[in-house]
Amino acid sequence: MSRKCSGELSPEEGMEVDCTPEELSKCSYEERCVELGEVKDMRLEAEAVVSDVLFAVTDMHVSHSLSSGLDMAYINLETREGKRYCLELTEAGLRVVGHGFDQVDEGLSSQYHETVYSLLDSLSPGYREAFGNALLQRLERLKQNGQ
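Because the structure is predicted, anything quoted here is derived from the model rather than measured.

About the cut-offs
Every chain is numbered independently, its residues counted from 1 as its sequence is written. Residues qualify for local features only when their pLDDT is at least 70, as the model is predicted, and side-chain atom pairs are given and counted only at 80 or more; totals for whole chains, interfaces and linings, by contrast, use all residues. Only hydrogens and water are set aside; all other atoms, that is, all heavy atoms of the structure, feed into the side-chain values. To define a nonpolar core, start from buried Ala, Val, Leu, Ile, Met, Phe, Trp, Tyr and Cys residues and group those joined through side-chain atoms within 4.5 Å. Whether a residue is buried, partly exposed or exposed follows from its accessible area with a 1.4 Å probe, protein chains only, as a fraction of its type maximum: under 20%, in between, or over 50%, in that order. Numbering goes from the N terminus for both helices and strands, where a helix is a DSSP run of H or I of at least four residues and a strand is a run of E of at least two. Whether two residues touch is decided by their heavy atoms; if any such pair falls within 4.5 Å, the residues are in contact. Helix axes are fitted to C-alpha atoms over the stretch in contact, other axes to C-alpha atoms as well, and angles between N-to-C directions run from 0 to 180 degrees. Convention used here: angles under 35 degrees read as roughly parallel, angles over 145 as roughly antiparallel, angles from 65 to 115 as roughly perpendicular, and any remaining angle as oblique. By convention the crossing between two helices is left-handed if the near helix lies anticlockwise of the far one by an angle smaller than a right angle, and right-handed if it lies clockwise. Three categories are distinguished: nonpolar for Ala, Val, Leu, Ile, Met, Phe, Trp, Tyr, Cys and Pro, charged for Asp, Glu, Lys and Arg, and polar for the others, with Gly belonging to the last. Here a strand pair is declared whenever DSSP counts at least two bridges between the two strands.

Caption draft 1: The nonpolar core, seen in detail. M60, I75, L77, L87, V116 and L120 are the most contacted members of the largest nonpolar core, which totals 23 residues. Going through the elements one at a time, α3 (42–53), β1 (59–62), β2 (73–78), β3 (84–90), β4 (93–98), α4 (116–123) and α5 (125–146) are the ones with two or more residues in this core. The element contributing the most residues to this core is α3, with five residues. Leave out the neighbours within four places in its chain, and M60 touches V49, V50, V53, L54, I75, N76, L77, L87 and V116.

Have a look at this one:
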């Protein structure tokens, strides 16, 4: 799969280019992985997930006890309500695999969530409140800067 960028050369020049380096830097990490056929490192994805929503939970970190790899990573989560979970991150998405840090319950069958936001929205009313407050604060700052 290849997306053509504006840096495409004409057929007369005998060579075709998908993207110039400048255009490639504008693409997201995920887009580059798809376009270039690369495999995502789930450990790096897990770190990005944690940093993205840490403001809205009590604790969240990539598990150091459970093994993570290119295809799977585990994240420990404590919601604002004090509930602890172990999450599994794969290409399929995120899902709860345990009800405590570093716990994987093989018998637990939970649905995958495409995003961490969807997962947290289903688990934590405190997350929804924190997310809403952060959004309001951001809108207020934009309003103040625009005046």
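Having seen it, we continue.
Caption draft 2: Quick peek at the packing of α4 against α5. Direction vectors running N to C along α4 and α5 enclose 125°, while the axes themselves pass 5 Å from each other. By the angle between their directions, the pair α4 and α5 is classed as oblique. Contacts between α4 and α5 involve Y117, L120, D121, S122 and L123 from the first element and P125, Y127 and R128 from the second.

Caption draft 3: Focus on the side chain of E88. Here E88 is to be found in strand β3. Overall, E88 belongs to the buried group, its relative accessible area being 6%. When neighbours within four sequence positions are excluded, E88 is seen to be in contact with M72, A73, Y74, G93, L94, R95, V97 and Y112.

Caption draft 4: Fine view of the packing of α3 against α4. Where α3 contacts α4, the two axes come as close as 11 Å, and the packing angle between them is 55°. Here α3 is positioned oblique relative to α4, judged by the angle of their axes. As α3 runs across α4, the sense of the crossing is right-handed. In this structure, α3 uses V49, D52 and V53 to contact α4, whose residues at the interface are V116, Y117 and L120. For the contact of α3 with α4, the per-class residue count stands at five nonpolar, no polar and one charged.

Caption draft 5: A look at the sheet that holds β2. With respect to topology, four strands assemble into an open sheet ordered β1-β2-β3-β4, the strand pairing being antiparallel. Every other strand in the sheet has two partners, leaving β1 and β4 as the edge strands with one partner each. The sheet shows a mean angle of 25° between the axes of neighbouring strands, direction not considered. On the sheet, α3 packs against β1, β2 and β3 and is oriented at approximately 165° with respect to β1. Contacts from α4 reach β1, β2, β3 and β4 within the one sheet, and its direction differs from that of β4 by about 40°.

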